[in-house]
Amino acid sequence: MALSGVRVLELAGLAPAPLCGMILADFGAQVVRVDRTPRSAVSTDVQGRGKRSLALDLKRPSGAAALRRLCRGTDVLIEPFRHGVMEKLGLGPEVLLQENPRLIYARLTGFGQTGKYARSAGHDINYLALSGVLSKLGRKDENPYAPLNLLADFAGGGVTCAMGIVTALYERTKSGKGQIIDASMVEGIAYLSSFLWKSQNLGLWNRPRGENLLDSGAPFYETYKTSDGKFMAVGAIEPQFYEELIKGLGLDSGKLPSQLSFSDWPEMKKKFASIFAQKTQAEWCSIFDGTDACVTPVLSFDDVASHQHNKERSSFIENDQEEISPRPAPLLSRTPAVPSFKRDPFIGEHTEEILLEYGFTKQEITKLYSDKVIEFSNPKANL
Ligand SMILES: C[C@H](CCC[C@H](C)C(=O)SCCNC(=O)CCNC(=O)[C@H](O)C(C)(C)COP(=O)(O)OP(=O)(O)OC[C@H]1O[C@@H](n2cnc3c(N)ncnc32)[C@H](O)[C@@H]1OP(=O)(O)O)[C@H]1CC[C@H]2[C@@H]3[C@H](O)C[C@@H]4C[C@H](O)CC[C@]4(C)[C@H]3C[C@H](O)[C@]12C
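Residue numbers here run from 1 along each chain, matching the order of that chain's written sequence. Whole-chain, interface and lining totals are the exception, using all residues; otherwise, since this is a predicted model, local features are given only for residues with pLDDT of at least 70 and side-chain atom pairs are given and counted only at 80 or more. In computing side-chain properties, one takes all heavy atoms of the structure into account and sets aside hydrogens as well as water.

**With respect to the packing of aromatic side chains**
Side-chain rings of Phe, Tyr and Trp (the six-membered ring for Trp) are treated as a pair once their centres are within 6.5 Å; stacked means planes under 30 degrees apart, edge-to-face means over 60, and tilted covers the remaining angles. For the structure on display, the rule yields 11 aromatic pairs. For the pair Tyr 224 and Phe 276, a centre-to-centre distance of 5.1 Å together with 5° between the ring planes defines the contact as stacked. In this pair, Tyr 224 is assigned in strand E7 (residues 221–225) and Phe 276 in helix H10 (residues 265–276), connecting sequence segments 52 residues apart. Across the pair, Phe 276 and Tyr 224 agree in class, each one buried. Ring pairs connect the aromatic residues Tyr 224, Phe 272, Phe 276, Trp 284 and Phe 288, which therefore count as one cluster. Secondary structure elements follow DSSP: runs of H or I of four or more residues count as helices, runs of E of two or more count as strands, with numbering from the N terminus. Burial classes: relative accessible area under 20% of the type maximum marks a residue as buried, over 50% as exposed, and values in between as partly exposed (1.4 Å probe, protein chains only).

Structure (structure tokens):
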């Protein structure tokens, strides 16, 4: 796999850092999640695929010293705390990079390492708000609306940080040097929104929220309810595709206002809605599948894996526990990701084997254990 041989330590965090670690593990890196001890009964990390767990108390001097030692033998550290936490533990980048100049120290936070909010708590919605993007999301006359925690946590956070890590790993092949990555989710999501900034001059966003081309203003870029309570998604932007949509709906474009007549959009939406409400989702699929009308079913999580297209591409996978989840993307032709099919690790499940691998002796491990700095988990006790 592309990242095989890369050693990663991921300090356990909430949502973005676990995704970042899972991406690296899916593409072949050896990812160790450093969990807290005393451990809670169950890990809250649902993105532990392919990782192993080491339970280590970083607040104890010997625990922090153990992490320093682990960092000397690792390529990447992913750190998910607000600014100042690592410094307080004596584990700031100056210390760790001095001991291992090849280390890539990835700091994945909401607000970044500097600035007024660097030490403030926050979550996805706050980062999205500060990036400016939240102000664009939502329907007409409604409050701004955050699409779950997908944008800041995962796109602007986990994925962007993984890109930073892979870029730094590539650069290191030339310089031999590591570096610090300051991955702010506010900036990650702002960067992802470059298109919105750059397209302002095209007049795409001149109207209030919810009245523009791609923000649910246009009738041809909308979801519509079907007679069986499901939905269809319509994205017929280009005139030739719009024409196919009109045909599929049984309308005559000669008798309709022009596609880009903004003032007619609200009425056109009502018309489209009443037509979509007359057939089931399956009926609409049989009309639109195989056309260029850009009309697709809005699939539920129950239906998505069995949809013919997704099945043909094996886009979803099932692990040993019969849990279905998305296959890693993108597909690399020679060295594709090979996700683990095993269950996620229990906290502390691999403490001993990891420490041995990183050069700790049995005696050192026993001492850390008797000092309650590390913890082991017996998987059978968790079943
Ligand atoms: C799914 C829920 C999560 C949703 C997340 C969401 C919407 C997000 O936006 S996540 C993005 C959050 N932001 C960031 O990650 C940015 C950077 N981080 C931060 O800003 C902060 O970390 C913070 C604000 C997120 C949290 O602040 P906090 O004060 O708690 O932490 P820090 O200041 O960073 O300091 C960390 C301290 O911890 C010490 N530490 C760390 N590691 C160790 C260690 N190994 N040993 C010792 N000590 C350690 C460190 O030293 C710091 O100490 P100090 O403060 O003294 O300096 C899920 C959210 C809640 C989940 C549910 C919940 O857990 C209950 C159930 C549990 C059960 O097991 C499973 C079901 C649950 C219902 C569970 C379900 C879900 O997972 C949640 C709902």
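**A few points about the pattern of salt bridges**
Once their charged atoms are close, side chains differing in charge can pair, the charge on each being opposite to the other. What counts as a salt bridge is simple: a side-chain nitrogen of Lys or Arg found within 4 Å of a carboxyl oxygen of Asp or Glu. Counted under the stated rule, the structure contains 21 salt bridges. Ionic pairing is found between Lys 51 and Glu 10, a salt bridge with its closest N-O pair at 2.8 Å. In this pair, Lys 51 sits in strand E3 (residues 51–56) while Glu 10 sits in strand E1 (residues 7–11), placing the two residues 41 residues apart along the sequence. Accessibility expressed as a relative area gives 0% for Glu 10, which makes it buried. Here the residues in one salt-bridge network are Glu 10, Arg 33, Asp 35, Asp 45 and Lys 51, joined through shared partners.

**Focus on the site of the ligand**
Taken together, the neighbourhood of the ligand is formed by 27 residues, with Arg 36, Lys 59, Arg 82, Asp 124 and Asp 153 sitting nearest. Residue Asp 124 places a main-chain N or O atom 2.8 Å away from an oxygen atom belonging to the ligand. Tyr 127 places a polar side-chain atom, nitrogen or oxygen, 2.9 Å from a nitrogen atom of the ligand. Taken together, the elements giving at least two residues each to the shell around the ligand come down to helix H3 (85–88), strand E5 (104–109) and helix H5 (124–130). Considering only residue class, the shell around the ligand consists of 13 nonpolar, 6 polar and 8 charged. By convention in these notes, a residue is near a molecule or strand provided one of its non-hydrogen atoms lies within 4 Å of it. Definition of a polar contact: a pair of N or O atoms within 3.5 Å, with one able to donate and the other able to accept a hydrogen when the atoms are protein atoms, and with sequence-neighbouring residues admitted only if both atoms are side-chain atoms. Three classes are used, and their members are as follows: Ala, Val, Leu, Ile, Met, Phe, Trp, Tyr, Cys and Pro are nonpolar, Asp, Glu, Lys and Arg are charged, and the others, Gly among them, are polar.

**Observations concerning the side chain of His 83**
Within the secondary structure, His 83 is located in the loop between strand E4 (76–79) and H3. We classify His 83 as buried; its relative accessible area is 19%. One polar contact links His 83 to Gln 113, side chain to side chain, over a distance of 2.6 Å. Once residues lying within four places of it in the same chain are set aside, the contact partners of His 83 are Arg 107, Gly 112, Gln 113, Ala 118 and Arg 119. Contacts are residue-level and defined by heavy atoms, with any inter-residue pair within 4.5 Å sufficient.

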